[in-house]
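Residue-level listing of the chains:
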Amino acid sequence: MITEFRKRVEHALNQDETRTNVNNVVHKLRDHHRAAFYDPDQLQQLRRQCMTIRASAMSRLPELLEQLESNLIRNGTQVHWAETNEQANRIVLDIMRQRNAEFLIKGKSMVSEEMGINHFLESHGIKCLESDLGEFIIQLAGEKPSHIIVPALHKNRKQIARLFHNRFPEIPYTEDINALAQIARDYLRNKFAKAPAGLTGVNFMVAETGTLCLVENEGNGRMCATVPPLHIAVTGIEKVVEYLSDVPPLLTMLTRSGTGQPITTYFNMINGPRRPGEKDGPTEVHLVLLDNGRSRIYSDPELLPTLRCIRCGACINYCPVYKHIGGHTYNTVIPGPIGAILEPQKNGLDIHGELTQASTLCGACEEVCPVQIPIPKIINRLRWDYIRRDACTTPGSGAGRKSMEAIIWKIWAWSCTHPAIYNLCMRTATRLRNVLPAKLIPWTTVRKIPKLAETTLHEHIRTMKIDHE
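Residues numbered from 1 in each chain as written. Predicted model: local features only at pLDDT ≥ 70, side-chain atom pairs only at ≥ 80, totals over all residues. Heavy atoms only, no water.

## Description of the packing of aromatic side chains
Point 1. Under the criterion given, the structure shown has seven aromatic pairs.
Point 2. Residues Phe-164 and Phe-168 carry aromatic rings whose centres are separated by 6.0 Å and whose planes lie at 80 degrees to one another, so their mutual orientation is edge-to-face.
Point 3. Judged by its relative accessible area of 3%, Phe-164 falls in the buried class.
Point 4. Phe-168 sits in the buried class, given a relative accessible area of 9%.
Point 5. Here Phe-168 and Tyr-187 contribute two aromatic rings whose centre-to-centre distance is 5.3 Å and whose plane-to-plane angle is 55 degrees, an arrangement assigned as tilted. Of this pair, Phe-168 sits in the loop between α9 (157-167) and α10 (177-194) while Tyr-187 sits in helix α10, and the two are 19 residues apart along the sequence.
Point 6. Given the relative accessible area of 30%, Tyr-187 is considered partly exposed.
Point 7. Sitting over the ring of Tyr-318, Arg-30 keeps its end group 5.3 Å from the ring centre. (Phe/Tyr/Trp six-rings, centres within 6.5 Å; stacked < 30°, edge-to-face > 60°. Buried < 20%, exposed > 50% of the residue type's maximum accessible area, 1.4 Å probe, protein only. Helix = DSSP H or I, 4+ residues; strand = E, 2+ residues; numbered from the N terminus. Lys NZ or Arg CZ within 6 Å of the ring centre and 35° of its normal.)

Right under this line is the structure:
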């Protein structure tokens, strides 16, 4: 039976224009990444430092979250805890209703995508508008992001030009990139001035000072966090670090790994609402801390490194599978290698377990990960959970188990422990090779049946020994 995931893969492989667009962007991001880390020794030193920072924070996560909450409240930020997406959405809705706010302007936030907050709020009469250019394009197209750093990388300027012309027919058609950006800027700037509430994500939370750090290039995040009187930040509980001094090395690795920049145009440090005497800033700041399965991941030492991720997207850019199928094929909030290990853990292997097969285990993702997450090792662990029958921490374990496949592997394992049986099977298979069908679906859809030698393996080895002598 062809699964929905395999259908999406087949569809993606036939979308030549989209594949070209994705390839063009990820290759540019790779080039920028390599240029940013011209000193291999410095790169490895930074990776070790950032891995240590994140691993230390994850080892003390409950303690640091309590410290963070205490300092946030002291700074005037109101803290909300949500165990599920539904709870997080309800919290945001309640905050909006208490202020009679019917419009929310948003900065880029993958956690808000995880929550599905746009659809939820709009179903309750609250309009949401994405202000990040890539997210704005995706929203106009009615699509989901296909990359965590460059949401619209699967579209070229001609496609975007047609989209803008269709949505804004009063504006002359243009394919000029600067003109397209200006169209979006003019439209959004007016919305910022009228928005009663703004929502952003968070890149790092500093437990020591109760500071929320927001990294961006366009300034829309800063606008969302400062222009509206109400600022709501949403983030996963894993984004916490212990000290303010932990942020600079992480910021260095995040920007260089994500876009190849030494630093982004804007780096925002939010320490609460506007204080007496300050001329700008929101009068209220709320932080929604989302769990959504993260505590369960935290409880498993082998899966815990997943939470070290800083969402730079480097593993996605270097993944040979993502390069060919793009982000929408995964049908998840986060695609690529990190999505293949994070999404099944959050939502269950019964829903996203097949994503663990979308990997060649080449190890490129681990080699470029700025915090050294052992992604191939975790993929193998999740593949095992996908077919195992015993209880484990990963939800949906055993969903991929097939009775016939299990029987075949048991017979194979048994034959491998009995040399006489194994040799007999191999000789029999060799002599019957000529009766094999020309097509062994799906194995031969991408390769030919190998031409087996006329002699058995043992005879071939014996011949080699005689020739050597």
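## Digging into the sheet that holds strand β2 (residues 103-106)
Point 1. The strand order across the open sheet built from six strands is β1-β10-β7-β4-β2-β3, with neighbouring strands paired in parallel fashion. Each edge of the sheet is formed by a strand with only one pairing partner; in this case those strands are β1 (78-82) and β3 (127-130). On average, adjacent strands in this sheet sit at an angle of 20 degrees to one another, irrespective of strand direction.
Point 2. Bridge count for strand β7 (residues 230-236) against strand β10 (residues 284-290) is seven bridges, and the pairing is parallel. Each residue of the ladder has a partner; that of Leu-230, found in β10, is Glu-284.
Point 3. Against the sheet, helix α4 (residues 61-75) contacts β1 and β10, and its axis sits at roughly 145 degrees relative to β1. (Pairing = 2+ DSSP bridges. Axes fitted to C-alpha atoms, helices over the stretch in contact; angles between N-to-C directions. Contact = heavy atoms within 4.5 Å.)

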